[in-house]
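# Observations on the three-dimensional arrangement
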Amino acid sequence: MKEFIHDISEIFSRLGKEIDDVKANLEKVKLEAKKAELTGQEIQRKINEFQAVAQPKVDKINEILEKLAEENNGK
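Residues numbered from 1 in each chain as written. Predicted model: local features only at pLDDT ≥ 70, side-chain atom pairs only at ≥ 80, totals over all residues. Heavy atoms only, no water.

## Points about the overall build of the chain
A count of helices and strands for the chain gives 1 helix and 0 strands. Against the compact-globule benchmark of 11 Å for 75 residues, the chain has a radius of gyration of 31 Å, which places it well outside the compact range. Structurally, the chain occupies a C-alpha span of about 105 × 20 × 5 Å along its principal axes. Counting only residues that meet the buried cut, the chain has 1% of its 75 residues in that class. Carbon together with sulfur atoms contributes 62% to the accessible area of the chain, which is approximately 7,100 Å² in total. Put simply, the chain has 14 plus and 16 minus side-chain charges, and the middle of one group is 4 Å from the middle of the other. (Helix = DSSP H or I, 4+ residues; strand = E, 2+ residues; numbered from the N terminus. Rg over C-alpha atoms; globule rule 2.2 N^0.38 Å. Buried < 20%, exposed > 50% of the residue type's maximum accessible area, 1.4 Å probe, protein only. Areas by Shrake-Rupley, 256 points an atom, 1.4 Å probe, with all protein chains shown as cover. Lys, Arg positive; Asp, Glu negative; His and termini not counted. Charge placed at Lys NZ, Arg CZ, Asp CG, Glu CD.)

What follows is the structure, given as structure tokens:
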């Protein structure tokens, strides 16, 4: 009976350690997920900045292309 109690005690001890390990790993995952979210937000901000800078240039290119197309159609 003494050995049985010792074995059960050891099992619970290992289980407790594994639970602690899972909790620690969960906290690491939460931290990395937050970092990934912040990185995603920064990427989206950079895309928006690029679009704001690039859009006028794209509009100008399209305007030039339309004029060229009109000139070609008139010939």
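Additional details are given in the paragraphs that follow.
## Some points on the pattern of salt bridges
Applying the stated rule across the entire model yields 8 salt bridges. For Arg45, the salt bridge is made with Glu42, and the minimal N-O distance between the two is 2.6 Å. Of this pair, Arg45 and Glu42 both sit in helix 1 (residues 2–74), 3 residues apart, which is roughly one turn of the helix. What emerges from the salt-bridge pattern is a single network uniting Glu42, Arg45 and Glu49. (Salt bridge = Lys/Arg side-chain N within 4 Å of Asp/Glu carboxyl O.)

## Let's talk about the UniProt feature "coiled-coil region" (unreviewed entry) in the chain
Mapped onto this numbering, the UniProt entry annotates "coiled-coil region" (unreviewed entry) at residues 12–46. Between the first and last C-alpha atoms of residues 12–46 the distance is 51 Å; the span itself is 100% helix and 0% strand. (UniProt positions renumbered as here; feature names shortened; annotations may be inferred.)

## Looking at a nonpolar patch on the surface
Taken together, Met1, Phe4, Ile5, Ile8, Ile11, Phe12, Leu15 and Ile19 make up a surface patch of nonpolar side chains, about 830 Å² in accessible area. Given the relative accessible area of 51%, Ile5 is considered exposed. (Patch = residues over 30% accessible without salt bridge, like charges linked within 9 Å, V, L, I, M, F, W, Y side chains within 5 Å.)

## A word on helix 1
Here helix 1 spans 102 Å end to end across 73 residues, near enough to the 108 Å set by a 1.5 Å rise per residue. The largest bend along helix 1 measures about 35 degrees and falls at Ala54, with the proline Pro56 one to four residues further on. (Expected span 1.5 Å × (residues − 1). Bend = angle between axes of the 7 residues up to and from the residue.)

## A few points about the environment of Ala24
Along the chain, Ala24 falls in helix 1. Linking Ala24 and Glu63, residues 39 residues apart in sequence, is a C-alpha distance of 58 Å.

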